[in-house]
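Here's the letter readout for the chains.
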Amino acid sequence: MTEEIIIAGFGGQGVLSMGKILAYSGVMQNKEVSWMPSYGPEMRGGTANVTVIISDERISSPILNSYDTAIILNQQSMDKFEKTVKPGGLLIYDPNGLTRLPERTDINVYSIEAADEAARQGLSKIFNMVVLGGFLKLKPLVAPEYIHKGLQKSLPARHHALIPENEKAIEIGKGLLKAVHLVN
Amino acid sequence: MIMEDKFSKTDIQKPENIVYKRTDLLVDRPLSYCPGCGHGTAHRMLMEVIEEMDIMEKTIGVSPVGCSVLAYDFLNIDMLGAAHGRAPALATAIKRMWPDHFVFTYQGDGDLAAIGTGETIHACNRGENITIIFINNGIYGMTGGQMAPTTLPGMRSSTSPYGRDVPTMGHPLKITELVAQLPGVYYVTRQSVHTPSNVRKTKKAIRKAFELQKENKGLCFIEIVSNCNSGWKMTPVQSNKWMEENMFPFYQLGDIKLDGKLVERKETVEKE
Amino acid sequence: MGELRLMKGNEAVAEAAVRAGCDGYFGYPITPQSEVMEYLMAEKPFERTGMVVLQAESEVAAINMIYGGAGTGKMVMTSSSSPGISLMQEGISYLAGAELPALIVNIVRGGPGLGTIQPSQADYFQAVKGGGHGDYKMLVLAPASVQEMCDHVKLGFDKAFQYRTPVMILSDGAIGQMMEKVVLFDQIPRRTDAEVVAQCPWASNGRPKTRNHNIITSLDLDPAGQERVNLKLQAKYKMMEQNEVLYEEISCDDAEYLFVAFGLSARICQKAIDLARAKGIKVGLFRPITLFPFPATEVSNVGNRVKGILVVEMNAGQMIEDVKLSVGCKVKIEHFGRFGGIIPSPDEVVRALEQKIIGG
């Protein structure tokens, strides 16, 4: 099993930390992982994206130009990454702020209204965990107990009190998915 | 000879008759310095202090690039030869690695005040517990008498053959007064080694700096204004006289900072 | 098994330094490697092991601090990125000349000049061919994963002391910035001062009455003496060539074509192998792990069995010179590179193989 994922959105949406929690959870389940951010000045306020690979085998290139899954959280990222999803692959997007919805018909497309729901529940700061929940519902690559360990390892100790809240957000996300287009 | 009647060679060597003995911390070999140069005396004072304090086993010295590049051949203690200007960087790491050791740099004016200005100022500003011995003779001696940052206005050198022209070549740099401003620096003094009384004062200053290093007081900075009879194209006697008449009015001898406090002094200005 | 962590390459370097028993880190901030010193400062190794961490006023000061610390027998290191490493070249030459052990990590970014902060492999020549003035080499390690970033720190220190030589880890911004699973080796205690003195009888760390004074220098004004120094260095480099070559072969057994790549490029080539083999192209990868000593015999052995070689680098063609010297002229050897901070994608590597080697 190898899952190649791109997570993309604005800096500040928690794109990198979502990737890190997913990757760390994979490590705790003793999988091979890589987490490759786009780094540089564009991170501050501009777009941010991270390639996460989770595999049972040694990972080859940490940098890819096509993905099994794209998790897309803003319009620039939709324009850039919709076309990079492998045929038959998965695209999850939050429609909040999008002006153009995905058009591909050869991939599975789901929407998740994570930003709105997180705001309603007072979880805006961990809206990324809602999105992660949606992804894990469709691709349960990592078991919940390892997600818990991944959170423990990723979050600084002073934030460990917030782990139950993060797990709650993940659970909320699992119930928010809406299938937009399915290949089969 | 008459001398032999009074003092035979063996008599002279009797301990009670010895008036001067080379410290064992100076290697028994001819110095590479020009006759009349102050480096040899400065070396001896430094080594006598280390011998008298009995700290050879805990002393690490750093020599520069310049006339004293081979200082490590003469100083019979563990030494490192630094790249040009970088001695304070070496000394910083050495002291941090061996905090109970005594660490000093021995640097000339080109090394310390031109190419190594950054390392000098930052080591001083961090208050590294090291001793910097700064030999200022206003010229690049080793490379053949080029203009140094400390060359006086109007002073001739091979790269200022018509004299240092301040408007185009800049002012002589009083780096010692400059570093004295920094809070990390605890003791700053300017001495010379051209007369016996000045030699004694220099030795006392070096001793003081090493004692302060033992107490971790911060950086101690000793400038020794010295002659360069070869570079200045004078006899040793002429060069010492010239130094008194021209260098000292600008590079005024005496303590500049004591116990971490600046000493009140009259500011010296460049001669027109 | 050691402790398992998800870490950035830069963080792994820093943690490995602490665990290797490093005595001192001296550095200056520069993107994309600032995490090394940031991690160390946050981790407080001065409390964990007594390791010194100091932010220098410049890369020039940092490399000379390394020279100072190494000259006393301590285990010291620095890290920087391309422009900073250029500033350190003088100091590295002095380290080589004075035969001092030290570890220098270069997280390469695109150049020339201020260039870019994105990953590159354009400092290959500088690292492998000398870089500073005079005839010298460093042992150069090229990690291709975060795990190797960690392991090469320990290996680098071992080799630095074994040969009394500066060792460079030549990595790049991507490996420095990306996170992967790392198995950390257990803490190795820092040597005591007495152990340092015993292990490094050449070091200047205070002269006991029982020996002559030690002198650390790269100067010998007598040309005959300096020639002897050079001959000694060359003999040392010969020893490294005989004993220290490291490399990896992937899918080479049945390969008709060969990629030669180091570091990040080798990772991309591994993906390219999968893509190419899915198309029926039998291609393998030869990955030099030591760039000096270069695995000349080994790449020649594999290279002379295939129909063509594509050297893939994030530069305009540097390691290809060593590949050509090693393999000779019987096999077609071409270069594919992206530069200035662009990382080649696996499918453009496959396209290059098809166009330059198979079709060309």
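Given the structure is predicted, the values throughout are model-derived calculations rather than measurements. (Residues numbered from 1 in each chain as written. Chains lettered and ligands numbered in written order. Predicted model: local features only at pLDDT ≥ 70, side-chain atom pairs only at ≥ 80, totals over all residues.)

1. Brief notes about the overall build of chain C
Moving on, step 1. Looking only at helices and strands, chain C has 14 helices and 15 strands in total.
Moving on, step 2. The C-alpha radius of gyration of chain C comes to 21 Å, within 12% of the 21 Å expected for a compact globule of 360 residues.
Moving on, step 3. Along the three orthogonal principal directions, the C-alpha set of chain C runs to about 70 × 50 × 40 Å.
Moving on, step 4. With 360 residues in all, chain C has 59% of them scored as buried.
Moving on, step 5. Contacts spanning at least 24 positions in sequence make up 78% of the contacts within chain C whose residues lie at least 6 apart. (Helix = DSSP H or I, 4+ residues; strand = E, 2+ residues; numbered from the N terminus. Rg over C-alpha atoms; globule rule 2.2 N^0.38 Å. Buried ≥ 20, exposed ≤ 12 C-beta atoms within 10 Å, placed from the backbone. Contact = placed C-beta atoms within 7 Å.)

2. A word on the sheet that holds strand 8 (residues 179–184) of chain C
Moving on, step 1. Pairing within the open sheet is mixed, and its nine strands lie in the order 7(A)-6(A)-5(A)-4(A)-1(A)-3(A)-2(A)-8(C)-1(C). The open sheet is flanked by strand 7 (177–181) of chain A together with strand 1 (3–8) of chain C, the only strands paired with a single partner. For this sheet, the mean angle separating the axes of adjacent strands, direction not counted, is 25°.
Moving on, step 2. Pairing analysis gives four bridges linking strand 5 (residues 85–93) of chain A to strand 6 (residues 108–112) of chain A, with the strands arranged parallel. Note that in strand 6 of chain A the partner of A:L91 across the bridge is A:V109.
Moving on, step 3. Along the sheet face, helix 1 (residues 15–28) of chain A touches strand 1 (2–10), strand 2 (32–37) and strand 3 (47–55) of chain A together with strand 1 and strand 8 of chain C and points at about 10° away from the line of strand 3 of chain A. (Pairing = 2+ DSSP bridges. Axes fitted to C-alpha atoms, helices over the stretch in contact; angles between N-to-C directions.)

3. Remarks on the confidence of the model for chain C
Moving on, step 1. Looking at chain C, pLDDT values average 97 and 100% of them are 70 or higher.
Moving on, step 2. Reported confidence for the predicted complex is 0.95 by ipTM and 0.94 by pTM. (pLDDT = per-residue confidence, 0-100.)

4. So, the interface of chain C and chain A
Moving on, step 1. Listed by partner, the interface residues are 20 residues for chain C and 18 residues for chain A.
Moving on, step 2. Counting residues per element, the side of chain C that touches chain A draws most heavily on helix 11 (residues 263–278) of chain C, at five residues.
Moving on, step 3. Its residues placed into classes, the side of chain C that touches chain A shows ten nonpolar, four polar and six charged.
Moving on, step 4. Where strand 2 of chain A lies against strand 8 of chain C, two bridges are found, and the strand directions are antiparallel. (Nonpolar A, V, L, I, M, F, W, Y, C, P; charged D, E, K, R; others polar.)

5. Concerning the environment of B:H43
Residues and elements named next belong to chain B.
Moving on, step 1. In this structure, H43 sits in helix 3 (residues 39–53).
Moving on, step 2. Distance in space between the C-alpha atoms of H43 and Q238 is 22 Å, their sequence separation being 195 residues.
Moving on, step 3. Apart from residues no more than four positions distant in its own chain, H43 is found in contact with L26, A71, F74 and L75.

6. Side note on the interface of chain B and chain C
Moving on, step 1. Each partner contributes residues to the interface: chain B has 29 residues there, and chain C has 31 residues.
Moving on, step 2. Taken together, the elements giving at least two residues each to the side of chain B that touches chain C come down to strand 1 (59–63), strand 2 (78–81), helix 5 (87–97) and helix 7 (117–126) of chain B.
Moving on, step 3. Looking at which element gives the most residues to the side of chain B that touches chain C, the answer is helix 5 of chain B, with eight residues.
Moving on, step 4. In the sheet, strand 2 of chain B pairs with strand 9 (residues 215–216) of chain C via two bridges, with the strands oriented parallel. For B:M79, the partnering residue across the bridge sits in strand 9 of chain C and is C:I215.

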